Amino acid sequence: MDEHDMLLSPAGIDALRTALTRTGFTSHGIAERLGAQATAAVARNDYRAALRATEDGDPLGTLIRVFICDQTEPEAAVAAALTPLSLPEALAGGLVERYGDGLRAGVDLEPYGDDWWVLADVPASARPGRPLHAEHVLGIGGATHTLIGATMRRPVDTALDLGTGSGVQALHLATHARSVTATDLSERALRFAATNAALNGQDWELLRGDLVAPVAGRRFDLVVSNPPFVVGPGTTTHVYRDSGRVGDAIGAELAAAAPGLLTEGGTMQYLANWVHVAGEEWDERVAGWFAGTGLDAWVIQREVADPMAYVDLWLTDAGESTDPQRMAAWLDWFDAHKVEGIGFGIVSLRQGGHADPLVRVEDLRQRVQPPLGDEIATWFDRQDFLRVRDTEALLAERYRAAEGLQLRQEATMGDEGWAVDRQVLAMPHGLRWTEEVDPLVLALVGGADGRLSLRDQLALLAAAHDVEPDEMAEAAGPIVAHLVERGFIEPVTA
């Protein structure tokens, strides 16, 4: 994109980068200036300590007050803090704006990571009563962090960010992809994305259009998307939130488009909402999105909201919470379609080239060990291990119990002492799965030390329990496959 597609000129972006670096307006620099307590308070939107620590009006303190604490500061102080960026260009680009007798932030300028900055629109919460622009550009929010954490970070040649917004996902993609393409329907969003790419010294291909339209006919090794996934009647007021599709159709649309976007072995990951409809199984509904795609799919549901809370959340997010008619119309649509809840989660797809693609849709609402993307990649690796092994091949392998695996027991005191009612295997790390097991499975896992093949383990168990070895082996096949998939036991590769 050329210089007219950015908030500032190329020279202005260089000057801004120089100013931010010179003053120490970075995540580390701000934390060092404010101290641990004030930095933690800022994360809770409590700016009192930060304001006390920046009263002397030095350049870093001024930038913190303007862009972190949303204060209005004297024009001379702001101009000095932004030097060598000229104040006229900063005003023309919307970086700051006149307010009262001084200047305040015109955009959200957030230090991010070790040495990045992200420009986006000021959130609704910072400007109460001022309607958001229809093409409002989000900064770094909860959904942004979710997708960042869930994305598989293995090196790839080509990567695509569908609906890039301010370009945060593209920033991360550029750390492990040789080339990055990013699309958005909003020309305004692309201006922010182009600015952020240049400010952070990155070079992306930026294309305008709705979802996959700008890249029709092209394929990528990795595709990510934080689309406008909000579920509703299809009304569009803010492009970051509303897709114009009715219900949860955008999730199904992305699934249908995925086969034409991915290279062989390529992956696509996106955030989605889906409706929980009375009388229907939500997981069957979502699984239907992938029928006929030929893709392996793993969908994990992380949250479920009731309709009232959901509508209130998104109306508040866009500064529309004072519009009772908008809320009523949205809730009436949910009632008419028997929507009892709205799920939120992560869709991970892979072009595996299998005649019998695997589709798994499940709840995963427990707290997981970050980054989730590493766990998702490992889950697909385990599926590859299982796919090429029948029961006989599984039994021939040696296994080791996962490091740190825990056993939790529930027992009841009786006349003869404690009687164990329930035994649960628990993973203290990773996806933190728990699994109730019977004594035989517990013995199998307990004996998995990598020395004996599973068949030899089962032979010993069969002898101890007076069971035919072949019968035990036949019953053990599906159980072992499940334990491997969940990561409770791991094949010994050497």
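Structure shown above.
Calculation rules
- Residues numbered from 1 in each chain as written.
- Predicted model: local features only at pLDDT ≥ 70, side-chain atom pairs only at ≥ 80, totals over all residues.
- Heavy atoms only, no water.
- Helix = DSSP H or I, 4+ residues; strand = E, 2+ residues; numbered from the N terminus.
- Buried < 20%, exposed > 50% of the residue type's maximum accessible area, 1.4 Å probe, protein only.
- Contact = heavy atoms within 4.5 Å.
- Areas by Shrake-Rupley, 256 points an atom, 1.4 Å probe, with all protein chains shown as cover.
- Lys, Arg positive; Asp, Glu negative; His and termini not counted.
- Charge placed at Lys NZ, Arg CZ, Asp CG, Glu CD.
- Pairing = 2+ DSSP bridges.
- Axes fitted to C-alpha atoms, helices over the stretch in contact; angles between N-to-C directions.
- Arc of directions from axis to C-beta.
- Polar contact = N/O pair within 3.5 Å; in protein donor to acceptor, adjacent residues only side chain to side chain.
- 1 Å grid on protein atoms, 1.4 Å probe; cavity = no way out; pocket = protein on both sides within 12 Å on 5 of 7 lines; lining within 4 Å.
- Points joined across faces, edges and corners; volume = space filled by probe spheres on them.
- Nonpolar A, V, L, I, M, F, W, Y, C, P; charged D, E, K, R; others polar.

### Re the overall build of the protein chain
Part 1: Along the backbone of the protein chain there are 19 helices and 18 strands.
Part 2: Considering only C-alpha atoms, the protein chain reaches an extent of 90 × 50 × 45 Å along its principal axes.
Part 3: When each of the 494 residues of the protein chain is scored for burial, the buried share is 49%.
Part 4: Taking contacts inside the protein chain between residues at least 6 apart in sequence as the whole, the part at least 24 apart equals 68%.
Part 5: Total accessible area on the protein chain is roughly 22400 Å²; 51% of this is exposed by carbon and sulfur atoms.
Part 6: For the protein chain, the distance from the average position of its 40 positive side-chain charges to the average position of its 74 negative side-chain charges is 5 Å.

### A few points about the sheet that holds strand E9 (residues 262–277)
Part 1: Here eight strands make up an open sheet; going across it, the order is E7-E6-E5-E8-E9-E11-E10-E12 and the pairing mixed. Lying at the two open borders of the sheet, with one neighbouring strand each, are strand E7 (205–208) and strand E12 (359–363). Across this sheet, the average inter-strand angle for adjacent strands is 20°, counted without regard to direction.
Part 2: Strand direction decides the pairing type here: strand E5 (residues 156–162) and strand E6 (residues 177–184), joined by six bridges, are parallel. Among the inter-strand pairings, Ala159 is bridged to a residue of E6, identified as Val180.
Part 3: Most of the contacts of helix H15 (residues 372–387) go to strand E10 (residues 296–305), to which it runs at about 140°, and overall it touches E9, E10, strand E11 (339–350) and E12.

### A short note on helix H13 (residues 307–317)
Part 1: Of the positions making up H13, those classed as buried are Pro307, Tyr310, Val311, Trp314 and Leu315. One face of H13 carries all of its buried residues, which in axial projection span an arc of 120°.
Part 2: Contacts made by the buried residues of H13 are with E9, E10, helix H14 (324–336) and E11.
Part 3: The opening residue of H13, the one whose side-chain oxygen lies 3.1 Å from the backbone nitrogen of Met308, is Asp306.
Part 4: Remark: Gly319 follows H13 within two positions and exhibits a positive phi of approximately 70°.

### Observations concerning empty space enclosed by the protein
Part 1: Under the counting rule described, the total for this entry stands at one cavity of 30 Å³ or more.
Part 2: Along the walls of the largest cavity sit Val230, Val231, Gly232, Pro233, Gly234, Thr235, Asp242, Ser243, Gly244, Arg245, Arg326 and Trp330, which together make up its complete lining.
Part 3: Here the residues of the lining of the largest cavity sort into four nonpolar, five polar and three charged.

### So, unusual backbone geometry
Trans peptide bonds make up the majority, and among non-glycine residues the majority have a negative phi.
Part 1: Cis geometry marks the peptide bond from Thr83 to Pro84; its omega dihedral reads 20°.
Part 2: Assignment of secondary structure puts Pro84 in the loop between helix H6 (75–82) and helix H7 (87–92).
Part 3: Between Pro370 and Pro371 the backbone carries a cis peptide bond, its omega angle lying at -5°.
Part 4: Of note in this structure, Leu211 is not a glycine but carries a positive phi near 50°.
Part 5: For Leu211, the location among the structural elements is in the loop between E7 and strand E8 (220–225).
Part 6: Judged by relative accessible area, which is 9%, Leu211 ranks as buried.
Part 7: Phi is positive for Lys338, close to 55°, though the residue is something other than glycine.
Part 8: Here Lys338 lies in the loop between H14 and E11.

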